[in-house]
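Results of the structural survey
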Amino acid sequence: MWKLTRPENKHEKLTRDNLLDLEDHHLVRIESVQEDQRQVWVLTKRGHGEAKQLLEPKGIRLSALREEKYDPDTGELLGTGYDDHAAAVTSTAAELHRAGIGHRLGFQTEIGHRLGNSFVQRADLVVRAPAAGVPVLLVEVDRRTEDAHELVHKLQRYWEWGQLLPSGAGKRTVDLVQSPPDAIETVDHEERLWRRFYPPTGREGLPPVAFVFADTTEAKVDNTVAVLEEADRCYWAPRRYDPVERGITALDYGQAVPVVVTTLEQLQEHGADGAGWRRLGRKGEQTLTAALDNPDGDALYRAQLARADERAAQRRAAEREAQRPACKRCGQKFTDARWEETTARGGAWTAGVRRFYGAQARRPRPRQNRIGSAAARRDTRALSRMRHSNAWRVSPGLCGSRGLGKPEGTLGKPGRVTGLPRASGPGRVSVGGASAGGP
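Since we're looking at a predicted model, the values are computed, not measured. (Residues numbered from 1 in each chain as written. Predicted model: local features only at pLDDT ≥ 70, side-chain atom pairs only at ≥ 80, totals over all residues. Heavy atoms only, no water.)

Before going further, it helps to examine the environment of A51. Its place among the elements puts A51 in helix α3 (residues 45–55). Here the alpha-carbon distance between A51 and L62, two residues 11 residues apart in the chain, equals 7.8 Å. Once you skip the residues sitting within four places of it in the chain, A51 turns out to touch L43, E56 and L62. (Helix = DSSP H or I, 4+ residues; strand = E, 2+ residues; numbered from the N terminus. Contact = heavy atoms within 4.5 Å.)

Below is the structure:
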């Protein structure tokens, strides 16, 4: 506790004196003594009431009161099994605060996260340290009292909580999420429930989770991390932005839960600001902020996408330049203005495309219309040929001075032309009893 309250002190004497003074006023009591002679202090009922009056107006949540309950048969104090875990949580907060990660009033314990099925997932410790580059961090402290698969379920529940919408979400957003299974991915994080409780993380993805292992061996930690990496891959692992063919190697962390692991012993030995944190899916250990960052994420994607678009634009320009025509006389390439003048309507890329203008029909005309038009054209050509045939020639001197008379082989009054061609069917013309075939 002295590392949390007095990190500048090199020993706990001042903190111990303060606790003894609070004990004299019946505000705190010693609940148990650990094997290493560390004492676990808790608030009494009177001290808990005064602490609530002091802290709750500042928006600081206080842990539940630890009442003294004894076994009726043995007389032993009940509930002491939680003391070791509480001491590990306090030590983790102390090491973070000692490294400058979080203010002493910026730590909260046993914070509940209610899921859609009313299950409440409680975080052992919530850290808020925006000045240190960690706006929010959900910490789970495990003394290897929980099975590795229980940690898998915890991480799954944190991911599910990050997918929830607040109660006041718009109807359109709610209807969208209830249709396809992955529709929540199209909803921005600013519109989700977790943003009502925590500030923006400053990075892609959901609020990060840290697993701190205490009082265990390195082999057990490695085995647990291997189970987390294998079973929870769909919750912490990123996805690909684009096909590799475009040269995009960046990863999408937008729907992932960043997970880092360490041990309490490493924090105490190297400090919470040292390279003692490991990110799931990566090799080696990093500092906390470096482990939470995504150098292969959104920033890399934007840079690679810009380069890919630039290469595509250069390729299109080269293809267009290869098709640029040249003057047949001088061999010089056409300018853009000259090329546009010489190409078909709509530009060089749409030349040869059939277009319709005005009221021109887009569908073919009916077959009956096509047959009627063809018959009319044949009759017109037949009449034109008959006008220039011998049947229309007039004998000299029969028509008087007007030069008009009856055609040979016809009957009628002088001066009137009779025996005009009469159509006898499609494509045939009958003149003076003779038939002429159509074209």
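Read on for the rest.
Our next topic: the packing of helix α5 (residues 148–162) against helix α7 (residues 218–231). With their axes 9 Å apart at the nearest point, α5 and α7 run at an angle of 40 degrees to one another. Classified by the angle their axes make, α5 and α7 are oblique. Judged by the twist between their axes, the crossing of α5 over α7 is right-handed. Along the contact surface, α5 presents A148, H149, L151 and V152, while α7 presents T224, V227, L228 and A231. Partitioned by chemical class, the residues of the contact of α5 with α7 number 6 nonpolar, 2 polar and no charged. (Axes fitted to C-alpha atoms, helices over the stretch in contact; angles between N-to-C directions. Parallel < 35°, antiparallel > 145°, perpendicular 65-115°, else oblique. Left-handed = near helix turned anticlockwise from the far one by under 90°. Nonpolar A, V, L, I, M, F, W, Y, C, P; charged D, E, K, R; others polar.)

Let's shift gears to the pattern of salt bridges. Here the structure, examined in full by the defined rule, presents 13 salt bridges. The partner of R46 in a salt bridge is E50, and the shortest N-O contact between them spans 3.8 Å. On the criterion of helical spacing, the pair formed by R46 and E50 is a turn pair, its members being 4 residues apart in helix α3. Residue E50 is classed as partly exposed on the basis of its relative accessible area of 40%. Here E150 ties to R157 by a salt bridge, and the two come within 3.1 Å at their closest N and O atoms. Residues joined in a network through salt bridges with shared partners are E140, E146 and K154. (Salt bridge = Lys/Arg side-chain N within 4 Å of Asp/Glu carboxyl O. Buried < 20%, exposed > 50% of the residue type's maximum accessible area, 1.4 Å probe, protein only.)

Attention shifts here to unusual backbone geometry. For S118, which is not glycine, the phi torsion reads 75 degrees and is therefore positive. Counting through the fold element by element, S118 comes out in the loop between β3 (107–114) and β4 (120–129). Within the chain, D215 stands out as a residue other than glycine whose phi angle is a positive 55 degrees.

Further remarks concern the pairing of β3. As paired elements, β3 and β4 share 7 bridges and run antiparallel to each other. When the bridges of β4 are listed, G112 appears paired with R122. (Pairing = 2+ DSSP bridges.)

In this section: the confidence of the model for the chain. Per-residue confidence for the chain gives a mean pLDDT of 77, with 71% of residues at or over 70. Low confidence marks residues 347–353, where pLDDT is under 50. Its contacts with residues over four positions away, or in another chain, come to 7 contacts. Confidence over residues 423–439 falls short of pLDDT 50; this stretch has 30 contacts with residues more than four positions distant or in other chains. (pLDDT = per-residue confidence, 0-100.)

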